[in-house]
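Reading the structure
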Amino acid sequence: SNPTDWRDFRASLVARERQESGSGGGAATAVTSETQGERESEAAGWAHATPLIERGSVILSTPNSHFILDQQYFHKAVILIVKHDEVEVGSGGDVGLILNRPTAYRLKDFELPITETWLEKALRFVGLSTGADSWPIWFGGDCQGLNSPRDEGEPVCIVLHTCERFAFLSQQVISGVFTMGLSQAQSLVTLGQASREDFLVFVGYCGWGPGQLQREVDRGDAWTVVAADQAALLGDIPTRQRELSERLLAAFAREAAVARAQAPSQAQTAAAAAAAEGGAAEARTQVGRLWASDIGDGFQEWEVLRAALGPEAAFEAIASRRVAADPEEFEHADAVCRYWVERCLVPRSTTSDQTPGGLLAERRLHLARLQRLLQERAGGGSGSRGEEKRPSAALPRAVTKGAVLRASATHWLLGAPAVRKDRALKPMQHLHKAVALVLEDVRVDRPTPLVLLNGPRVGTLSGNFGECFFGGSRPTESLMLVPGGGIWGQVMLPAGQLENFLASGALEVVAGAELSDVMGVPVEERWAAMGGKLESLAEAATASLGDKQRRTWYSRFLGVELDSWE
């Protein structure tokens, strides 16, 4: 980097101060990077904690229960602030890119609003291509990103690079790190002035309103602000891109071989051949599963920067207290984040039928189911449910008052199914393995009230009237009286949301079941009594994570520790 960069000068002052105070490393500390255990260790720049949020600041997330239950992509995230405006500026706010969330997607998987350059138009006219469709994508954040609702706007692409020779075409973030437009990067590659591996293409970004990020930092339990140089943040971008491609190619070849061994076919043989020849994009058409380790969970990059802060950093103190309180919490959070990676950063074509991965394709599948459901309600056909639904449940033409619903054991782990449309909805892990009663005839133009029938005990009713059970997070003025006590609270689903959940398989109507059938069974057995079961080891593993997520939800939002009733 440029030796005159004031950030380098500030880092040297911090390092000198730490040395003179005798406190050792932890302020301006040399960072050693070893990516996925494959890259040789090398000095990779410096990093130190700082109270200052500015363009080029790095935000490290602090693992906490919020990032376990919602916004799992922020768990152990390394975020580079590429835009920072003061609060008094009318368009103020902060924009950041998550640097450690690679994906298995390519540009061709999305309909991005990219303006073609004259060169690209000319090449297309003569039947040639810039090869942009096969460019790998990195997850930049939840705003206008891979899985964002389209009503929030088209996906946004931001290109990051470290090529000093293109500085005049770019906007500098810090010394040696630049952003530019995607079309511009494509043109440079087409003209032979750069290679595709020189650029990181991010879809989506992290956004904060004026002063919002500073308030979250001041709260002290979510973010730590770090200053770092280009080498510490990005290292060698071409090497990172090649390592990602190699991991994906190996994974595609592995899964093609497994599929071929299980059910040999000409298509699977072709997929294996494509992978062997380095055709990652073509190889992805085979059916198999990619794991977070194939893509990269990004934890290594986070750990390296965290270690550079030293034991005296505020972040380290918070993290240490939480590990001491619950040694398994970090391990569980890591597992949930890896599940999010496998579900959200892997195209559907690379996942098995047992894997709920690929939110983009999952939404398309959901829309088809929803259309079928609406046709059934309109009398348009019987609507075969296929193999994706439990044989004990059905999709009725109308869901009426008194209907019993059974929730999935795999759809609620991340807070809601992929089809959750309302961002105002809080995470809903309490619906994991839930049994619920519909309190009103369902109409698409109004909210739907439900009450949980297998919620935990939250108290004892006075006057020997029995026990009080949790029925939902929406307060009610009275109890719903049931044998042995009462149920307090409801679950209020926004208008149209029940149909979405039914179509996705997150909720199902238990045919023929009535309230008395449910209440006649011990609370911990009601989900199974209503037909709930796990049909594979993969489902059982996901459901186990969901069980822990449900316990975390009740602990955080209700202060209730679940025990034997599960």
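The residue count restarts for each chain, going from 1 along the sequence in the order it is written. Residues qualify for local features only when their pLDDT is at least 70, as the model is predicted, and side-chain atom pairs are given and counted only at 80 or more; totals for whole chains, interfaces and linings, by contrast, use all residues. As a rule here, side-chain values come from all non-hydrogen atoms in the structure, and water together with hydrogens is ignored.

This part is about the pairing of strand 13 (residues 223–228). Partly exposed residues are those whose accessible area sits between 20% and 50% of the maximum for their type, while under 20% is buried and over 50% is exposed, using a 1.4 Å probe and protein chains only. Note on conventions: DSSP H or I runs of at least 4 residues are helices, E runs of at least 2 residues are strands, and numbering of each starts at the N terminus. Taking burial as the measure, the six residues of strand 13 include six buried ones, the bulk of the element. Of the two faces of strand 13, the one lined by Trp-223, Val-225 and Ala-227 and the one lined by Thr-224, Val-226 and Ala-228 are each fully buried. Bridge count between strand 3 (residues 58–61) and strand 13: four bridges; the pairing is antiparallel. From the neighbouring strand, Ser-61 faces strand 13, where its bridge partner is Trp-223. Two strands form a pair only when DSSP identifies at least two bridges running between them.

For residues that are not glycine, phi is negative in most cases, and the peptide bond is trans in most cases. The backbone phi angle of Lys-76 is positive, close to 50 degrees, even though this residue is not glycine. Examined against the element boundaries, Lys-76 turns out to sit in the loop between helix 2 (65–69) and strand 4 (78–85). Residue classification places Lys-76 among the buried residues on the basis of a relative accessible area of 4%.

What follows is about the pattern of salt bridges. Salt bridge, as applied in this entry: a Lys or Arg side-chain nitrogen positioned within 4 Å of an Asp or Glu carboxyl oxygen. Going through the model one piece at a time under the given rule, you end up with 13 salt bridges. Salt-bridge contacts for Asp-85 lead to Lys-83; the nearest nitrogen and oxygen are separated by 2.8 Å. When the shortest N-O distance is used, the salt bridge between Asp-221 and Arg-219 registers 3.0 Å. Residue classification places Asp-221 among the partly exposed residues on the basis of a relative accessible area of 28%. What makes Arg-219 exposed here is its relative accessible area of 53%. Through salt bridges with shared partners, one network takes in Lys-76, Glu-303, Arg-306 and Asp-334.

With that out of the way, let us pick up the environment of Arg-556. The residue Arg-556 is located in helix 18 (residues 537–557) in this model. Taking relative accessible area as the criterion, Arg-556 reaches 36% and is therefore assigned partly exposed. Whether two residues touch is decided by their heavy atoms; if any such pair falls within 4.5 Å, the residues are in contact. Sequence-distant contacts of Arg-556, that is, excluding residues within four places in its chain, are made with Ser-65, His-66 and Leu-69. By the criterion applied in these results, polar contacts are pairs of N or O atoms within 3.5 Å in which, for protein atoms, one can donate a hydrogen and the other can accept it, and in which residues neighboring in sequence qualify only through two side-chain atoms. In this structure the side chain of Arg-556 is engaged in a polar contact, spanning 3.5 Å, whose partner is the side chain of His-66.

Spatially, the six strands line up as an open sheet ordered 6-7-11-8-10-9, and their pairing is mixed. The sheet terminates laterally at strand 6 (102–106) and strand 9 (171–174), the two strands that pair on one side only. Taking the axes of each pair of neighbouring strands and ignoring which way they run, one obtains an average angle of 40 degrees across the sheet. Of the pairings in the sheet, the one linking strand 8 (residues 157–161) to strand 11 (residues 199–203) comprises five bridges and is antiparallel in character. Axis definition: a line fit to C-alpha positions, over the contact stretch in the case of helices; interaxial angles, taken between N-to-C directions, run 0 to 180 degrees.

Right, let's talk about the nonpolar core for a bit. We define a nonpolar core as any set of buried Ala, Val, Leu, Ile, Met, Phe, Trp, Tyr and Cys residues linked to one another through side-chain atoms lying within 4.5 Å. Ranked by internal contacts, the top residues of the largest apolar core, which has 81 residues, are Phe-199, Trp-223 and Leu-233. In contact with Trp-223, other than residues within four places in its own chain, are Ile-59, Leu-60, Ser-61, Thr-62, Phe-67, Phe-74, Ile-79, Trp-208, Leu-213, Glu-216 and Val-217. Counting residues in hydrophobic clusters, the runner-up holds 29 residues, among them Leu-405, Ala-506, Leu-507 and Tyr-554.

A few words on the sheet that holds strand 20 (residues 480–482). Overall, mixed pairing links the four strands, which are arranged 18-19-21-20 in an open sheet. A strand with exactly one partner marks an edge of an open sheet, and here the two such strands are strand 18 (457–460) and strand 20. With strand direction ignored, the average angle separating the axes of adjacent strands in the sheet is 30 degrees. The pairing of strand 20 with strand 21 (residues 485–488) spans three bridges and is classified as antiparallel. Residue Val-482 lies in a different strand from strand 21, and its bridge partner there is Gly-485.

Fair warning: the whole summary comes from geometry, so function is off the table for now.
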